[in-house]
Amino acid sequence: MKRANIVASLLLIALACFYAYLTSRLPDRNLPNTLGSDFMPWLLTTVLFLLSFWLLLQNCVQGTTENFNPDISIKEGLGIVFLTVFIYLYVKAIQFFGFILITPLFLAVLMWISGSRKWKEIVFVSIGSSFCIYLFFQKIFRVILPDGTIF
Amino acid sequence: MDGALLAALFDILQPYNILASVVGVLFGLFIGSTPGLTISLGMVLLLPITFKLEAVTSICLLLGLYASGMAGGSLSAILLNIPGTPSASATAIDGHVMAQKGRAGEAMGVAVSASFFGGIFGLTCLVLAAPIIAKFALNFGAPELFAIVLLGLTLICSFGQESVVKGLISGVIGLIIMTVGLDPMMGTPRFTFGEVELQAGISFLPAMIGLFAIPQILVGIAGKIPVIPKYQEDVSGVLPKIKDLLKLVKTMLLGSVIGTGIGAIPGAGGPIAVFLSYDYSKKISKHGHRYGKGEPEGVAAPESSNNAVAGGALIPMLTLGIPGDPITAILLGALMIHGLIPGPLLFQQSPQFVYSVFWAFLVANLMTLIIAFSTIKIWVRVLKVPQRVLLPLIVILCIVGTYALRNTFFDTGIMFGFGLLGYFMKKCGFPIVPMLLAIILGPNLEEHLRMSLIISQGDYSIFITHPICLALIIVSIVSFIGPLVWPLIRKYRGNT
């Protein structure tokens, strides 16, 4: 945990430096006697840098009594990467097939990934809930759902 | 004033507003009674629906969820010993022991009744205190408003966090995120990287959904870690007897007073209120020795307290625009979507809407009482819905919700970005609530700060010459620096 905090504080110091670099490139356009658009970013850079340095110092000098688990297992890490890619593909597929066509398939696969092995449950929930979402959002509340090229 | 009060009542009693309240209550009971799903998550899932609704109908829906979610949270606390919401943590202590002794129905009956009592008490305080505070706050100018937002942020970032530094860092990162987009005073693009979509800034809705929902989905689906447990038994005998409830009035009153008071302090929140109520009621009760062994008073105190928190948290949110807890922060966001900016001016410009909020909260509490008692057995069955079904559905609702904001998948990408950020923040012990509040309050903070300096023509003494502003800034500095320095002073004193 102490090591995780040290790594986090170093990453935050790097973030503060990157933010400072971006802030230094902001256009200088201002009214007389007023603060420019870079005032708040510079202030936040300073505070973030000081707090990150404090966190680093605190953990190097006295350690931590916090209770958290920073470990990510290989299985969980791969699962997150797979899930992110899968959701990205779903979003891309919606833009071609449309929400109502692709969502039951996406839900069915996601339920299977989540551990569902009963095919009746998978079929009923994936088709039923997709239809309910379409009905409630598009037809009742008039919230626009994503259209695709073919539907 | 009376005209506006009656007009607001008439508005709330319209069938579609009552229906919205019922839907909110049902959804809140579902969310509250399902461990792993929080009221905040429920709120962000419902937000996209409110885009197309009137502001009053939206508030009926969301307040219904708020009031019932608090009550629903106690059901899983009693049956599973797993609080459905963090505010139901103390309920589990005696509630679950009662359930183990075969008195689950009685415990749930006491919990729902006490929730109603607390909700009505909190509402009464809200109705009495809010107009007075709002009238006083009308005299505030830009420096005072800046100081109030600063105070709200520093209190929330530093109070109640396991690591104060991490709470503050989380808040600062939230403020950094909110600097993306056009500068509010000069219109200069900041950190947009040439993206047109970023010029309007990062909307807080994808950020909220990402921070609250995605980490849970990642842990549940990708990590295959159970976040939603199941319950297998049925319960009976939930309606409490009047004489039994009368015995609990003193306990419920104490819980309600503590809940409202704590709720009104930004950042303090429900979990602190419930444990304080539990502890105090144990100390003053004749049956203190029975606490922890299945005592109904041990259920009534925290339950009345957590619902009173809702009324208390609405006081600073409506009068000063400072949310008392994450849920009221989301409510604040919902009102902003409808062009209503909570604060003292809301009472002057839209008094009817303010009264509608009061009535909607009353209806929400009444509906919770009626619906919770009549459907309690259904919510026990909800605990049997498996994670493998719930989590995929939440993924779809998150995607639909963020797309509906501006009909673009750009916001869906932003949501996943925040989701991954929230996941890693949780893993590294960084709290996400300060970041969320900074995202919501950040633009106001910068706007009031720069407006103050335009008024004073760049003279910083404006923050010292206004006494209320000075007092609030001093408290902010103490709450910012105090928790950082205090442990060092204590350690130094210990060494000497």
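Here the structure is a predicted model, which means the values were calculated and not measured.

1. Structural notes on the overall build of chain B
Inference 1: A count of helical and extended segments in chain B gives 21 helices and two strands.
Inference 2: For chain B, whose C-alpha radius of gyration is 22 Å, the value lies close to the compact-globule estimate of 23 Å for 496 residues.
Inference 3: Taking the principal axes of its C-alpha atoms as reference, chain B extends roughly 70 × 65 × 50 Å.
Inference 4: Classification of the 496 residues of chain B by burial places 64% in the buried group.
Inference 5: Restricting to contacts in chain B with at least 6 residues of sequence separation, those with at least 24 account for 78%.

2. Observations concerning the overall build of chain A
Inference 1: What chain A contains, in helices and strands, is five helices and zero strands.
Inference 2: For chain A, the α and β elements follow one another from N to C terminus as α-α-α-α-α.
Inference 3: Computed over its C-alpha atoms, the radius of gyration of chain A comes to 24 Å, more than 25% above the 15 Å expected for a compact globule of 151 residues.
Inference 4: Looking at chain A as a whole, 28% of its 151 residues are labelled buried.

3. Quick look at the interface of chain B and chain A
Inference 1: Every contact between the two is made by 47 residues of chain B and, on the other side, 52 residues of chain A.
Inference 2: When residues in the side of chain B that touches chain A are grouped by element, the largest group, 11 residues, is from helix H17 (residues 387–406) of chain B.
Inference 3: A per-class count over the side of chain B that touches chain A returns 29 nonpolar, 10 polar and eight charged.

4. A few points about the packing of helix H3 (residues 74–97) of chain A against helix H4 (residues 99–114) of chain A
Residue and element names in this part refer to chain A.
Inference 1: At a closest axis distance of 8 Å, the pairing of H3 and H4 adopts a crossing angle of 145°. Taken together, the residues of H4 that come into contact with H3 (itself represented by Tyr90, Ala93, Ile94 and Phe97) are Phe99, Leu101, Ile102 and Phe106.
Inference 2: Here the residues of the contact of H3 with H4 sort into eight nonpolar, no polar and no charged.

5. Things to note about the domain arrangement of chain A
Inference 1: Looking at chain A, the domain boundaries give domain 1 (2–61) and domain 2 (74–140).
Inference 2: Just the C-alpha atoms count here: the centres of domain 1 of chain A and domain 2 of chain A sit 40 Å apart.

6. Considering the environment of B:Leu390
All names here are of chain B.
Inference 1: Within the element layout of this structure, Leu390 appears in helix H17.
Inference 2: Given 20 C-beta atoms within 10 Å, Leu390 falls into the buried group.
Inference 3: Along the primary structure Leu390 and Ala114 are separated by 276 residues, whereas in three dimensions their C-alpha atoms are 29 Å apart.

7. Topic: helix H5 (residues 119–140) of chain A
Inference 1: For H5(A), built from 22 residues, the straight-helix expectation of 32 Å at 1.5 Å per residue is met to within 8% by its first-to-last C-alpha distance of 30 Å.
Inference 2: Of all the positions in H5(A), only A:Ile122, A:Val125, A:Ser126, A:Ser130, A:Ile133 and A:Phe137 are classed as buried. The buried side chains of H5(A) occupy one side of the element, clustering within an arc of 115° when seen end-on. Exposed side of H5(A), more than 90 degrees from the buried face: A:Lys120, A:Phe124, A:Gly128, A:Cys132, A:Leu135, A:Lys139 and A:Ile140 are the residues found there.
Inference 3: Here the buried face of H5(A) lies against H4 of chain A together with H17 of chain B.
Inference 4: Looking one or two residues beyond H5(A), the residue adopting positive phi is A:Arg142, at roughly 60°.

8. What about the packing of helix H9 (residues 204–222) of chain B against H17(B)?
Residue and element names in this part refer to chain B.
Inference 1: Here H9 crosses H17 at 160°, and the two axes come no closer than 10 Å. Classed by the angle they form, the pair H9 and H17 counts as roughly antiparallel. Seen along the crossing, H9 lies across H17 with a hand that is left-handed. Residues Leu205, Pro206, Ile209, Ala213, Ile214, Ile217, Gly220 and Ile221 of H9 form the contact with H17, whose participating residues are Gln387, Leu391, Ile394, Val395, Cys398, Gly401, Thr402 and Leu405.
Inference 2: Residues of the contact of H9 with H17, tallied by class, amount to 12 nonpolar, four polar and no charged.

9. Concerning the nonpolar core
Most often, soluble globular proteins have nonpolar side chains that are buried together.
Inference 1: Within the largest apolar cluster, 210 residues are counted, with the highest numbers of intra-cluster contacts made by B:Val44, B:Leu62, B:Ile78, B:Ile169, B:Met208, B:Ala360 and B:Leu436.
Inference 2: Two domains each put at least three residues into this core: domain 1 (2–61) and domain 2 (74–140) of chain A.
Inference 3: The residues touching B:Ile78, leaving out its near neighbours within four places in the chain, are B:Thr91, B:Gly95, B:His96, B:Met98, B:Ala99, B:Ala104, B:Ala107, B:Met108 and B:Ala111.

10. Here we look at the confidence of the model for chain B
Inference 1: Considering every residue of chain B, the mean pLDDT works out to 83; 92% of them sit at 70 or more.
Inference 2: Interface confidence for the predicted complex, given as ipTM, is 0.90, next to a pTM of 0.77.

11. Considerations on the environment of B:Met185
Inference 1: Residue placement: B:Met185 occurs in the loop between strand E1 (181–182) and strand E2 (189–190).
Inference 2: A tally of 19 C-beta atoms within 10 Å means that B:Met185 is categorised as partly exposed.

Calculation rules
Residues numbered from 1 in each chain as written. Chains lettered and ligands numbered in written order. Predicted model: local features only at pLDDT ≥ 70, side-chain atom pairs only at ≥ 80, totals over all residues. Helix = DSSP H or I, 4+ residues; strand = E, 2+ residues; numbered from the N terminus. Rg over C-alpha atoms; globule rule 2.2 N^0.38 Å. Buried ≥ 20, exposed ≤ 12 C-beta atoms within 10 Å, placed from the backbone. Contact = placed C-beta atoms within 7 Å. Nonpolar A, V, L, I, M, F, W, Y, C, P; charged D, E, K, R; others polar. Axes fitted to C-alpha atoms, helices over the stretch in contact; angles between N-to-C directions. Domains from an automatic or database assignment. Expected span 1.5 Å × (residues − 1). Arc of directions from axis to C-beta. Parallel < 35°, antiparallel > 145°, perpendicular 65-115°, else oblique. Left-handed = near helix turned anticlockwise from the far one by under 90°. Core = buried A, V, L, I, M, F, W, Y, C linked by C-beta atoms within 7 Å. pLDDT = per-residue confidence, 0-100.

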